[in-house]
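Each chain, letter by letter, is given below.
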Amino acid sequence: PYITDFSDTAQTGNWISENHWYWDPTWGGYVSDASHAPLVSRCVVLEEGETYRFAMEYKPGATLWGMPLPETFTIRMGLSGTDRSDWHIIWTDTGAYETEFISGDTTFLCEQAGNYAFEISSTNLFIKNIKVEEVLDYDLSLTSFSLPWAYRMPIDQMAGIHTAGTSVQNRGGLPVEAKVE
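Residues numbered from 1 in each chain as written. Predicted model: local features only at pLDDT ≥ 70, side-chain atom pairs only at ≥ 80, totals over all residues. Heavy atoms only, no water.

1. A few points about the nonpolar core
Counting residues in each nonpolar core, the largest one holds 26 residues, and the members touching the most others are Phe 54, Met 56, Phe 118 and Ile 120. Every element with two or more residues in this core is listed here: strand 6 (44-46), strand 7 (51-60), strand 10 (71-79), strand 11 (88-96), strand 13 (114-121) and strand 14 (125-134). In this structure Ile 120 touches Trp 15, Trp 21, Pro 38, Leu 39, Phe 54, Thr 74, Ile 75, Leu 125, Ile 127 and Ile 130, once residues within four positions along its chain are discounted. (Core = buried A, V, L, I, M, F, W, Y, C linked by side-chain atoms within 4.5 Å. Buried < 20%, exposed > 50% of the residue type's maximum accessible area, 1.4 Å probe, protein only. Helix = DSSP H or I, 4+ residues; strand = E, 2+ residues; numbered from the N terminus. Contact = heavy atoms within 4.5 Å.)

2. A few points about the pattern of salt bridges
Under the counting rule described, the total for this entry stands at 5 salt bridges. Salt-bridge contacts for Glu 133 lead to Arg 53; the nearest nitrogen and oxygen are separated by 3.9 Å. One end of the pair, Glu 133, is in strand 14; the other, Arg 53, is in strand 7, with 80 residues separating them in the sequence. Here Lys 131 makes a salt bridge to Glu 133, at a shortest N to O gap of 3.6 Å. Classification of Glu 133 by relative accessible area gives partly exposed; the value is 21%. Each of Arg 53, Asp 105, Lys 131 and Glu 133 takes part in salt bridges that share partners, so that together they form one network. (Salt bridge = Lys/Arg side-chain N within 4 Å of Asp/Glu carboxyl O.)

3. Focus: the pairing of strand 10
Relative to strand 11, strand 10 is paired through 6 bridges, and the arrangement is antiparallel. What sits directly across from Met 77, in strand 11, is His 88. Looking at chain direction, strand 10 and strand 13 are connected through 6 bridges and run antiparallel. Residue pairing for strand 13: Arg 76 is matched across the bridge by Glu 119. (Pairing = 2+ DSSP bridges.)

4. Remarks on the packing of aromatic side chains
Taken as a whole and assessed by the stated rule, the structure comprises 11 aromatic pairs. Geometrically, the ring pair formed by Phe 6 and Trp 15 is tilted, given 6.1 Å between the ring centres and 50° between the ring planes. Note on accessibility: Phe 6 and Trp 15 belong to one class, buried. Of the aromatic side chains, those joined through ring pairs into one cluster are Tyr 52, Phe 54, Tyr 58, Phe 73, Trp 91, Phe 108 and Phe 118. Between the NZ or CZ atom of Lys 128 and the centre of the ring of Phe 101, over which it lies, the distance is 4.6 Å. (Phe/Tyr/Trp six-rings, centres within 6.5 Å; stacked < 30°, edge-to-face > 60°. Lys NZ or Arg CZ within 6 Å of the ring centre and 35° of its normal.)

5. Regarding a nonpolar patch on the surface
On the surface, Leu 64, Trp 65 and Leu 69 cluster together into a nonpolar patch covering about 360 Å² of accessible area. Looking at the secondary structure, you find Leu 69 in strand 9 (residues 67-69). (Patch = residues over 30% accessible without salt bridge, like charges linked within 9 Å, V, L, I, M, F, W, Y side chains within 5 Å. Areas by Shrake-Rupley, 256 points an atom, 1.4 Å probe, with all protein chains shown as cover.)

Printed below as a string of structure tokens:
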């Protein structure tokens with residue numbers, strides 16, 4: 001996977017911004033200086049026919065004198081050496097505003113193997129980290145688990161039938177079916 005943690009200044013070199021993006025210690029995110037200059041990644045090798053996930057931890061929008069300023073951002077990808085205006089849009093969000101950092105992602109299919117770069121166009125998008133990785137066929141994650149509080153002495157806690165609640169998210173490329181009894 002291709003990972004950048006923007007709080008590490010050594011890793012910010014993986015992205016080119018012509019000095020228009022910077023680390024904001026107040027918000028704890030990498031942000032544009034409102035010049036509308038794009039942030040462009042170094043090359044990432046992608047394989048033909050593979051599905052990839054572009055994920056980031058980010059905070060869209062800003063607040064000015066107590067008023068929310070929603071953010072519209074666009075993320076494009078394209079083959080290295082091609083005109084960026086011809087790059088394919090993989091993620092766009094309009095009117096986004098959050099007061100805390102959130103996690104979000106999008107998936108895309110690589111139609112031609114090669115060296116690709118990613119471009120982020122934004123004005124008020126704070127980014128903590130970015131990750132580009134191949135989507136696995138099966139990628140399940142347990143998002144919640146609950147079990148009633150123990151109300152007996154430890155030796156008697158598991159006697160009898162108990163009900164547990166779980167939530168599972170499938171982030172893989174293939175559907176998963178399961179039956180739990």
